[in-house]
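Structural features, examined
Each chain is listed here by its residues.
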Amino acid sequence: MNQESVRTRTTQTPVRQFTILLSATRRGARLARLLAGEQLRAWGLPFETAEQIVAELASNAELHGHVPGRSFRLALTLTETATLRIEVTDARADRHPPAEPQPPSPEAESGRGLLLVAALSDRWGTDLRPAPCKTIWAEIGTTPPSPHS
């Protein structure tokens with residue numbers, strides 16, 4: 001599994017960044033996916049894989065990280081080495097994902113989100129933030145944007 005439980009801070013300078021607070025609701029999770037796709041299109045980057053990762057992480061923030069009255073944060077960072085870092089921060093540090101997500105039973109209707117994130121990303125993991133927050137992140141390599149985008 002390509003999950004990392006502890007992240008070392010990257011020293012790469014971000015080329016581009018996008019951050020937004022969204023309500024920890026189904027609507028907020030859907031908006032996170034749509035906004036991520038539009039932002040990556042604007043940056044001239046492939047968006048399908050990243051959009052799927054955002055959808056899974058935002059859905060988890062809504063389902064497992066929801067605290068009434070608290071939002072979740074979506075952050076996209078493109079580094080100079082064309083690595084896209086996707087971060088979703090929610091308000092439930094007490095509820096963090098397992099180090100090794102296990103496949104659900106075949107008849108289960110949920111429980112596959114982090115397996116998809118692990119399969120689609122190059123690396124992923126969890127950062128505990130100052131209480132009460134946690135960040136689930138994923139990184140994927142991208143094609144560098146053209147200088148004219």
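Right above here is the structure, for reference.
The structure reproduced in this document is the subject of the present report. Throughout, residues of each chain are indexed from 1 in the direction in which the sequence is written. The predicted origin of the model limits local features to residues at a pLDDT of at least 70 and limits the giving and counting of side-chain atom pairs to 80 or more, whereas totals for whole chains, interfaces and linings rest on all residues. Side-chain numbers here rest on the full set of heavy atoms in the structure, without hydrogens or water.

Describing unusual backbone geometry
Defined as follows: Here a helix means four or more residues in a row that DSSP labels H or I, a strand means two or more in a row labelled E, and each is numbered from the N terminus. The buried label goes to any residue with under 20% of its type's maximum accessible area, the exposed label to any with over 50%, and the partly exposed label to all in between, with areas taken from a 1.4 Å probe on protein chains only.
A positive phi is found at Ala 82, a non-glycine position, where the angle reads about 65 degrees. Along the chain, Ala 82 turns up in the loop between strand 3 (71-79) and strand 4 (83-90). Among the residues examined, Ala 82 registers a relative accessible area of 5% and is labelled buried.

Some details on the pattern of salt bridges
Inclusion rule: For salt bridges, the criterion is a side-chain nitrogen of Lys or Arg within 4 Å of an Asp or Glu carboxyl oxygen.
A full pass over the atoms with the stated rule returns 7 salt bridges. Note that Arg 73 is salt-bridged to Glu 87, the shortest N-O span being 3.8 Å. Remark: Glu 87 occurs in strand 4 and Arg 73 occurs in strand 3; sequence separation between them is 14 residues. Assessed through its relative accessible area of 10%, Glu 87 is described here as buried. A single salt-bridge network, built from bridges that share partners, covers Arg 73, Arg 85, Glu 87, Arg 123, Asp 127 and Glu 139.

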